Amino acid sequence: MPDMSLEQRGFAIRPFEPGDEAGWVRCRVLAFLDTAYFDDVHPHKERYEGRAIELVAEAGGQLVGLIDVECETEPGTICSAPADAAHAGPAGMIWHLAVHPGYRRRGIGRELLAEAARRARAWQIRRFEAWTRDDASVNDWYRAQGFGHVQHYWHVFMGSREELAALKAQVPGLRPVSAFAHYLGEDEDLLERFERVHRCNRYDLILEP
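Residues numbered from 1 in each chain as written. Predicted model: local features only at pLDDT ≥ 70, side-chain atom pairs only at ≥ 80, totals over all residues. Heavy atoms only, no water.

**Some thoughts on the pattern of salt bridges**
It is possible for side chains of opposite charge to pair when their charged atoms get near one another.
Thinking step 1. Enumeration according to the criterion identifies 14 salt bridges in this entry.
Thinking step 2. Among the ionic pairs, Lys 45 bridges to Asp 68, the shortest N-O distance being 2.8 Å. Of this pair, Lys 45 sits in the loop between helix H2 (21-32) and strand E2 (52-59) while Asp 68 sits in strand E3 (residues 62-71), and the two are 23 residues apart along the sequence. For the residue pair Lys 45 and Asp 68, the accessibility class agrees, reading buried in each case. (Salt bridge = Lys/Arg side-chain N within 4 Å of Asp/Glu carboxyl O. Helix = DSSP H or I, 4+ residues; strand = E, 2+ residues; numbered from the N terminus. Buried < 20%, exposed > 50% of the residue type's maximum accessible area, 1.4 Å probe, protein only.)

**Focus: the pairing of strand E5 (residues 127-132)**
Thinking step 1. The element E5 is extensively covered by neighbouring structure, given that five of its six residues are classed as buried.
Thinking step 2. Relative to E5, strand E4 (residues 91-99) runs parallel, the two sharing four bridges. Within E5, the residue paired with Ile 94 across the bridge is Ala 130.
Thinking step 3. For the crossover that starts at E4, traverses helix H3 (residues 108-122) and ends in the parallel E5, the hand is right-handed.
Thinking step 4. Inspection of the sheet shows E5 paired to strand E8 (residues 196-206) by six bridges, in the antiparallel sense. Across the sheet, Phe 128 pairs through a bridge with Leu 205, a residue of E8. (Pairing = 2+ DSSP bridges. Right-handed = clockwise from strand over helix to strand, strands pointing away.)

**A short note on a negative patch on the surface**
Thinking step 1. Negative charge collects at one region of the surface, where Asp 187, Glu 188, Asp 189 and Glu 192 lie side by side.
Thinking step 2. Relative to the helices and strands, Asp 189 is located in the loop between strand E7 (179-183) and E8.
Thinking step 3. When its relative accessible area of 54% is taken as the criterion, Asp 189 is described as exposed. (Patch = residues over 30% accessible without salt bridge, like charges linked within 9 Å, V, L, I, M, F, W, Y side chains within 5 Å. Areas by Shrake-Rupley, 256 points an atom, 1.4 Å probe, with all protein chains shown as cover. Lys, Arg positive; Asp, Glu negative; His and termini not counted. Charge placed at Lys NZ, Arg CZ, Asp CG, Glu CD.)

The following block contains the structure:
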C-alpha cells in the first residue's frame, strides 16, 4: 500500500506564523493536560533571539501539533555536552513538542520531528536534545523515534508544611507555601518524603547527514 501524503492523512505541516499564537497555546495546554506536565502552563509562545525551527501541524483549520527547536550557532550555548565526543558540534534543543489529544496516533508528532530534523540538517545541526518527565508513553515515543537516554535528575514539588520543612528561608518574615526544586543527587531514598516527584529524562537524537 503506497504511503499517504500528509494531506491524505488529514493534516499539514507548516512554519509557525504570528497569528497562530492563540491556537499554539491552546494546543500545548490540551496536549500537556493529561501528562506529568499538567501544570506547566504557558500563556504566550516564546520568542527566540537566534536560529529556531518553529513548526505547527494544522487540521480542519485548527492547530493540532507543534514543535519548537532552538538551534545553536556555537556548541554548548543552548544544549548540554554530547554523550559521545564523536557527535560534537552545534545541537538543537526541543523546547516544545505536543499533539492535541484528539489527534494522537496519526503520526503528527513523528512528521513534525522529521521535518524539524530535515531543516536542522541544512544548518549542520548534529543532534537534537529533549527533556521529558516520567510519562511512560512519552518516554517510549522518544525511544521509538531513535532517541537515546543520556541522563536524568529529579523534579520535586513541595506543598505541605512537612515537605516545606526541607527549605530554610533566608529572608525574615518570608514563609514558603509551595516550592519547586531540582534534585541532582543520587540518593533517591531522600525523595520519599515528598508526595510529587518526577524523574526528568534527557534524550538525544543523532542527526545523520
